[in-house]
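Structure at a glance
Each chain is listed here by its residues.
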Amino acid sequence: VAVLIAVTAVGGFLLGAQYILYGLTPDYYRVETRGTGTGAAVAASRLGSAMGPLLAGQWLGAGASATHVLLGMMPITAVAATAGVLLLLVKRSEA
């Protein structure tokens, strides 16, 4: 039951992150490039959402433990978190 609750929560957070991208990215692009910028941000996010489980599955199939998979994903998560924090420092579009 605990795993089902955790999986449901993670899925909800992933969907929430996708929806937040649609709301936030227009603030970072000018009107002329807003559609392309928002589409690129959402595409990159969806690609990451698909590649994470594939990579974890490959590692688990190769004999890595769940702990090793989580430790292996930490650098990727750190880069994404750093990019998110740096995004707060970027001047937003005026239009």
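Residues numbered from 1 in each chain as written. Predicted model: local features only at pLDDT ≥ 70, side-chain atom pairs only at ≥ 80, totals over all residues. Heavy atoms only, no water.

1. Observations regarding the layout of surface pockets
The following threshold applies: With a 1 Å grid spanning the protein atoms alone, the term cavity applies to any set of points in which a 1.4 Å probe fits but cannot get out, the term pocket to an open set with protein on both sides within 12 Å along at least five of seven lines, and the term lining residue to any residue with an atom within 4 Å of a point. Grid points are joined across faces, edges and corners, and a volume is the space filled by probe spheres set on the points. Strands here mean DSSP runs of E at least two residues long; helices mean DSSP runs of H or I at least four residues long; both are numbered from the N terminus. Lys, Arg, Asp and Glu make up the charged group, whereas Ala, Val, Leu, Ile, Met, Phe, Trp, Tyr, Cys and Pro make up the nonpolar group; the residues left over, Gly among them, are polar.
Volume-wise, the largest pocket comes out at about 1,200 Å³. Lining the largest pocket are 32 residues; nearest its centre among them are Leu 14, Ser 45, Gly 48, Ser 49 and Ala 80. Contributing elements (two or more residues each) for the lining of the largest pocket: α1 (2-24), α2 (34-61) and α3 (66-87). Examining the composition of the lining of the largest pocket, we find that 11 residues originate from one element, α3, more than from any other. The residue makeup of the lining of the largest pocket, split by class, is 23 nonpolar, eight polar and one charged.

2. Looking at the pattern of salt bridges
Where charged atoms from two side chains of opposite charge approach closely, those side chains can pair. This is how it is decided: Any carboxyl oxygen of Asp or Glu that lies within 4 Å of a side-chain nitrogen of Lys or Arg is treated as forming a salt bridge with it. For the exposure calls, accessible area comes from a 1.4 Å probe over protein chains only, and a residue counts as buried if that area is under 20% of its type's maximum, exposed if over 50%, partly exposed in between.
Under the criterion given, the structure shown has one salt bridge. Residues Arg 30 and Glu 32 are paired through a salt bridge, measuring 3.5 Å at the closest nitrogen-oxygen approach. As far as burial versus exposure is concerned, Arg 30 and Glu 32 are alike and both exposed.

Honestly, that's just the spatial picture; any functional story needs more than this.
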